[in-house]
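# Descriptive structure summary
Here are the chains, one letter per residue:
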Amino acid sequence: MAKRNKTLALVAGGLAGATAVLNTARVIAERATVRRLHERPDPYRDIEFGALPSDRHYTVTATDGTPLYVEEVGPMDAPVTVIFAHGYTHEMGSFHFQRLALSQNTDPTMRLVFFDQRSHGRSGHSEAADCTIDQLGADLEQVVEAASNEDDNVIVVGHSMGGMTIMGLADRRPGLFGTRIVGAVLMSTSAGNLMAAMRASLPSTLVQRALPALARGARFAPRSVERGRRLTADTIWLLIRRYAFGSEGASASLADYVDRMVSSTPLDVVADFYPTLAGHDKVQALAALAKAEVLIICGDEDKMTPLEHSELIAKEIPAADLFVVPGAGHMAMMEQPELCNEQVIGFVRRVLSPKRKKKPA
């Protein structure tokens, strides 16, 4: 019996040693891959993402008291105010290229408004119970009220969870659309059934096990999960580059910035928003959105909010324009900024056309 136990111990020790060797080899290989990708030519290498200057900045207080950090670019008397809502685990800097292009556009001149969603970026930390799409819609309403007057032309732009935020506002205040809010741009987003789409396009282990486990771990053992997050930094970087962008892969600088946004999002925030994204269903709010002009943008290689979700929104809003960005993934507005900016600027011009009047509520 003692001999058998000794043999089992030797086998177990051998397996543990082999696993450690394999893990070490994987870490070394991933580090080498990340280094090699950073050595490639990179047109964005010298860009400092998230550091563009603003003309004005202030704080808007949400209905539950959470402070929302806001920045504005452009003249106060511009004929249109464009308000941007970013996605899950991101910040207002994810609209870097739109901020640059639209602020330099003079046909028409625009006042651009950017804000960090609750618990993201420089906005205040929210209670877990208030990390919902409905509350995000209420937050956007407060930003609209603070940044515009009743007679202003307002266009809202939302990426991913930001698009869901717009749907949350439409569900909450349908009368705003077609009157004060004359246009909406929905980028890489979904009206519902998001988890089923992710299961179809992402590895099943990632969606069915890793994400729920991360959410639970972040809530009950945040220090351990945070430590694991640091130890797997190269793995996370490679996953972000693979699943946030198209098959050609983003430049290392773009992947670095998205990784920085994701990594700077506290794990309890990741956990707090996961249930509302998993259960998101705002198809009924699309009827209110249809009172305004609508532009839908999605990459044809989006793995996070696949193209069929944008196609469903377009089906529910027949008058909407759908633009598919070739070769782009979830971060299409960063990956193919020229194409996306061209569509957004053209959309703003169409919305402000003298032939298009504000629709009745």
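Just above, that's the structure.
Rules of the game
- Residues numbered from 1 in each chain as written.
- Predicted model: local features only at pLDDT ≥ 70, side-chain atom pairs only at ≥ 80, totals over all residues.
- Heavy atoms only, no water.
- Pairing = 2+ DSSP bridges.
- Helix = DSSP H or I, 4+ residues; strand = E, 2+ residues; numbered from the N terminus.
- Axes fitted to C-alpha atoms, helices over the stretch in contact; angles between N-to-C directions.
- Expected span 1.5 Å × (residues − 1).
- Buried < 20%, exposed > 50% of the residue type's maximum accessible area, 1.4 Å probe, protein only.
- Core = buried A, V, L, I, M, F, W, Y, C linked by side-chain atoms within 4.5 Å.
- Contact = heavy atoms within 4.5 Å.
- Polar contact = N/O pair within 3.5 Å; in protein donor to acceptor, adjacent residues only side chain to side chain.
- Phe/Tyr/Trp six-rings, centres within 6.5 Å; stacked < 30°, edge-to-face > 60°.

Now for the sheet that holds strand S1 (residues 56–61). Read from one edge of the open sheet, eight strands run S1-S2-S4-S3-S5-S6-S7-S8, paired in mixed fashion. Looking at strand neighbours, the two that pair on one side only are S1 and strand S8 (321–325), the edges of this open sheet. Pairwise comparison of adjacent strand axes, ignoring direction, gives a mean angle of 20 degrees for this sheet. Sheet analysis places strand S6 (residues 181–187) next to strand S7 (residues 293–299), joined by five bridges and oriented parallel.

Next up on the list: helix H3 (residues 133–147). Over its 15 residues, H3 runs 21 Å from end to end, which matches the ideal 21 Å to within 8%, given 1.5 Å per residue. With 11 of 15 residues buried, H3 is to be regarded as a mostly interior element. Residues Ile133, Gln135, Leu136, Gly137, Ala138, Asp139, Leu140, Glu141, Val143, Val144 and Ala147 constitute the buried set of H3.

The biggest cluster of nonpolar side chains holds 42 residues, and the ones touching the most others in it are Ile155, Val185, Ile297 and Met334. Counting residues per element, this core draws most heavily on helix H14 (residues 337–351), at six residues. Not counting the four nearest positions on each side in its chain, Ile155 is found in contact with Val80, Thr81, Val82, Ile83, Val182, Gly183, Ala184, Val185, Phe347, Val348 and Val351. In this structure, Leu68, Val154, Leu289 and Val294 belong to the second largest nonpolar core, which totals 35 residues.

The subject of this paragraph is the side chain of Glu141. Here Glu141 shows up in helix H3. Looking at Glu141, its side chain comes within polar contact range of the side chain of Arg173, at 2.5 Å. Not counting residues up to four positions away in its chain, the partners in contact with Glu141 are Leu169, Arg172 and Arg173.

Mapped onto the elements of the fold, His159 is located in strand S5 (residues 154–159). Ignoring sequence-local partners within four residues, the contact set of His159 consists of Ala85, His86, Gly87, His90, Phe95, Met187, Ser188, His330, Met331 and Met333.

On to the packing of aromatic side chains. Summed over the entire model, instances satisfying the criterion amount to six aromatic pairs. Ring geometry for Tyr44 and Phe97: centres 5.2 Å apart, planes at 55 degrees, overall tilted. Linking Tyr44 in the loop between helix H1 (2–38) and S1 with Phe97 in helix H2 (residues 96–104), this pair joins segments that are 53 residues apart in sequence. Here Tyr44 matches Phe97 in class, with each residue buried. Geometrically, the ring pair formed by Phe49 and Phe97 is edge-to-face, given 5.8 Å between the ring centres and 75 degrees between the ring planes. Placement of the pair is Phe49 in the loop between H1 and S1 and Phe97 in helix H2, with a sequence separation of 48 residues.

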